[in-house]
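# Structural overview for review
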Amino acid sequence: LRARHAVLVAAGSGVTPMLYILKAMLADGDIARKGRVTLIYCNRREEDIIMRSPLEAFADKFRADGRPDFFHLHLVLSQPNPDAGWGGAAGDGTVDGAPNRWHHAGRVSPDILAQALAAPLPEVVEAEDSAVVDSFWMTCGPEGFDENVGVMLAELGVPPECVHPF
């Protein structure tokens, strides 16, 4: 099974395996040329965000290289500092005008997941490859997180075979 869009949804330290998956995807030149990776990363507060600077630099690198559609980064805080200017649950603004970085206040929600689904996907897929799906979702978080994300994705019409909690 291959996907044009790999979406990684993590909470807290659940981002750790996602970082290894992201590294493996980058090593696969096919994904880097033809697909997109979105990381939706949920925490309580800004200081809880593991690897924030490298993740933001990673998104900025692809934007600077003229490929902002390869990597999208959504940071979600359930307890943001009210003075920090985090966006609303639907991601009502990008970070510093970047087309591939968003800040969301609240918890992961159908609106945030739908925003990842709504982004136009690359059209470059070999016609003979029938095993390609539009999106492939991986989730990793504390107890109850994966199940809640799975329910929201089902409500958004994502087939269960395209959702993989771990």
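Residues numbered from 1 in each chain as written. Predicted model: local features only at pLDDT ≥ 70, side-chain atom pairs only at ≥ 80, totals over all residues. Heavy atoms only, no water.

## Re the overall build of the protein chain
Definition in use: Helix numbering and strand numbering both begin at the N terminus, where a helix is a DSSP run of H or I of at least 4 residues and a strand a DSSP run of E of at least 2. Here the term buried applies to any residue with accessible area under 20% of the maximum for its type, exposed to any over 50%, and partly exposed to those in between, with areas from a 1.4 Å probe on protein chains only. A contact between two residues is defined here by any heavy atoms of the two lying within 4.5 Å. Accessible surface area values rest on a Shrake-Rupley calculation with a 1.4 Å probe, where residue burial reflects the displayed protein chains alone.
Along its length, the protein chain carries five helices and six strands. For the protein chain, buried positions account for 43% of its 166 residues. Put simply, 73% of the contacts in the protein chain that link residues at least 6 apart link residues at least 24 apart. As presented, the protein chain carries roughly 8300 Å² of accessible surface, and 54% of it is formed by carbon and sulfur atoms.

## Here's the deal with the side chain of Asp 146
Just so we agree on the cut-off: In summary, the charge assignment counts Lys and Arg as positive and Asp and Glu as negative, without counting His or the chain termini. The term salt bridge refers to a pairing of a side-chain nitrogen on Lys or Arg with a carboxyl oxygen on Asp or Glu at a separation within 4 Å.
Along the polypeptide, Asp 146 turns up in helix H5 (residues 145–155). This buried residue, Asp 146, is left without a salt bridge; Arg 107 holds the nearest opposite charge, at 13 Å. When residues no more than four places from it in sequence are discounted, the contact partners of Asp 146 are Thr 139, Cys 140, Gly 141, Pro 165 and Phe 166.

## What to know about the packing of aromatic side chains
Heads up, the condition is: For Phe, Tyr and Trp, where Trp contributes only its six-membered ring, two rings pair if their centres lie within 6.5 Å, and the inter-plane angle classes them as stacked under 30 degrees, edge-to-face over 60, or tilted in between.
With the rule as written, the count across this model stands at one aromatic pair. Seen in terms of ring centroids, Phe 58 and Phe 71 are 4.7 Å apart; in terms of plane orientation they differ by 70°. Their pairing is edge-to-face. Here Phe 58 is found in helix H3 (residues 52–64), whereas its partner Phe 71 is found in strand E3 (residues 71–77), with 13 residues between them in sequence. The two residues Phe 58 and Phe 71 agree in class, both being buried.

## As for the pattern of salt bridges
Considering all chains together, one arrives at six salt bridges under this definition. Residues Asp 48 and Arg 45 are paired through a salt bridge, measuring 3.4 Å at the closest nitrogen-oxygen approach. One network of salt bridges, with partners in common, ties together Glu 46, Arg 52, Glu 56, Asp 60 and Arg 101.

## Brief notes about the environment of Leu 156
Among the secondary structure elements, Leu 156 is positioned in the loop between H5 and strand E6 (163–165). As for Leu 156 and Ala 114, which are separated by 42 residues in sequence, their C-alpha atoms are 7.2 Å apart. With sequence-adjacent residues up to four places away left out, Leu 156 is seen in contact with Pro 110, Leu 113, Ala 114 and Leu 117.

## Concerning the pairing of E3
The cut-off we apply is this: In this description, strands pair whenever DSSP reports at least two bridges between them. Orient the strands so they point away from the viewer; a crossover is then right-handed if the path from the first strand over the helix to the second runs clockwise.
With seven of seven residues buried, E3 is to be regarded as a mostly interior element. Side chains Phe 71, Leu 73, Leu 75 and Leu 77 project from E3 onto one buried face, and the interleaved His 72, His 74 and Val 76 project onto a second face that is buried too. As paired strands, strand E2 (residues 36–43) and E3 are joined by seven bridges and run parallel to one another. Across the sheet, Thr 38 pairs through a bridge with His 72, a residue of E3. In this fold, the crossover linking E2 to E3 by way of H3 has right-handed handedness. Looking at chain direction, E3 and strand E4 (residues 101–105) are connected through five bridges and run parallel. Each bridged residue has a counterpart across the sheet, and for Leu 75 the counterpart in E4 is His 103.

## So, helix H1 (residues 15–27)
We apply this condition: To estimate the expected span of a helix, count its residues, drop one, and scale the result by 1.5 Å. The arc under discussion is defined with respect to the helix axis, by the directions toward the C-beta atoms.
Taking 1.5 Å of rise per residue, 13 residues should cover 18 Å, and H1 covers 19 Å from first to last C-alpha, within 8% of that figure. Among the residues making up H1, those that are buried are Val 15, Met 18, Leu 22 and Met 25. Buried residues in H1, looked at end-on, bunch into an arc of 65°, giving them a common side. Across H1 from its buried face, at more than 90 degrees, point the exposed residues Tyr 20, Lys 23 and Ala 27.

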